[in-house]
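The chain contents come next:
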Amino acid sequence: GSLCADDITPQVVEKQIEDAEAEFREAKKMFNPWYTGPLLAPPASVLPPGQFNVQPYLFMTNNYGQFDKHAHSHHIPHLHQLNPQVVFQFGMFKRVYGGVIAQGLRNKQSGHSSMNWGDTSALLGIGLLKETAYMPALLISIKESFPSGRYQRLHRSVDGMGAGAYQTTLGFNVSKVVWWLTLHPMAFRFAQSWSLPAMVHVSGLNSYGGGPGTHGKVRRGHAY
C-alpha cells in the first residue's frame, strides 16, 4: 500500500533504510561470486570490443612412464616439468575475440635440467549464442600453434621444449553459470577440440627420440 505524510514516522524511515541496506548487502554478495570453476575447459563467452583479459597459469607435472607402439607402458626416469602459461585475450568485434598463448618450460630429469620457451599459439573465437538466464553460451574457435619451442638437435632429452609442428585446432565450447539456492553460482563448461598437426622434420636428438645422425620425418596423429 501507499504511505501518506502522517504515516511517515522516524521509525518507518529507519525500517526502510534497514531493508534497503539488507538488500544491498545481499546484492553485493551475489555479484562477488566464487568462480572456482574449470581450469582446462575454456569459457564460451566473448569479450566485448576494446576489452582485455589476462590469465596466468602454472602447470606442474611428473611423467614416470611412456607407451610404446604396442600400447605397453614402460617406466622411465621421472621427468618433472614446470609450465607457466599466460593467456592474453582481446575483444575485436561484437561476436569475435582474439587471443595469444605464450608459455615457458623447465624440464628436470636424472639430475639434468633445462629451461626455455615453449610453443606459442594464436586463437580466434566466434560466439554463436550469448548466455541468457536459460540458455548457455556457445562458441567455436580456431587455434594455430607455432613451433617456437626447441625440438631438434638437442644436447639432452630434457632440452626438448616443443612439438616442432604447426598445429591447427578446431574447438567447440559450451558454458553456463547456474544460480543455486545459495548466493554463490557455479560455472559449468564443456569443451571439445580436434587438432590436426603438420608433418615434423627432425634432425639429431629430438623431442620424439632419435640420436646422432638422425634425419627423418615424424607423422603425429590427430588429437580429439
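Worth saying up front: this structure is predicted, and the values here are computed from it rather than measured. (Residues numbered from 1 in each chain as written. Predicted model: local features only at pLDDT ≥ 70, side-chain atom pairs only at ≥ 80, totals over all residues. Heavy atoms only, no water.)

Caption draft 1: Spatial organisation of unusual backbone geometry. One non-glycine residue with positive phi stands out, namely S110, at about 55°. Position of S110 among the secondary structure elements: in the loop between β3 (96-109) and β4 (112-117). Positive phi, close to 55°, is recorded for R153, a residue that is not glycine. On the secondary structure map, R153 appears in the loop between β6 (137-146) and β7 (167-178). For R153, a relative accessible area of 53% translates into the label exposed. (Helix = DSSP H or I, 4+ residues; strand = E, 2+ residues; numbered from the N terminus. Buried < 20%, exposed > 50% of the residue type's maximum accessible area, 1.4 Å probe, protein only.)

Caption draft 2: A look at the confidence of the model for the chain. Residues of the chain with pLDDT of at least 70 account for 90%, and the chain-wide mean is 87. Within the chain, the element-level pLDDT minimum falls on helix α1 (residues 10-30), averaging 81, and the maximum on β6, averaging 96. (pLDDT = per-residue confidence, 0-100.)

Caption draft 3: Up close: the packing of aromatic side chains. Enumeration over the complete set of coordinates arrives at four aromatic pairs. Ring geometry for F52 and F88: centres 5.8 Å apart, planes at 20°, overall stacked. Here F52, found in strand β1 (residues 52-67), pairs with F88, found in strand β2 (residues 73-93); they are 36 residues apart in sequence, far enough to count as distant. With a centroid separation of 5.9 Å and an interplanar angle of 90°, the aromatic rings of F146 and Y166 are classed as edge-to-face. Here F146 is found in strand β6, whereas its partner Y166 is found in the loop between β6 and β7, with 20 residues between them in sequence. A relative accessible area of 46% places Y166 in the partly exposed class. By way of ring pairs, the aromatic residues F52, F88 and F90 are connected into one cluster. (Phe/Tyr/Trp six-rings, centres within 6.5 Å; stacked < 30°, edge-to-face > 60°.)

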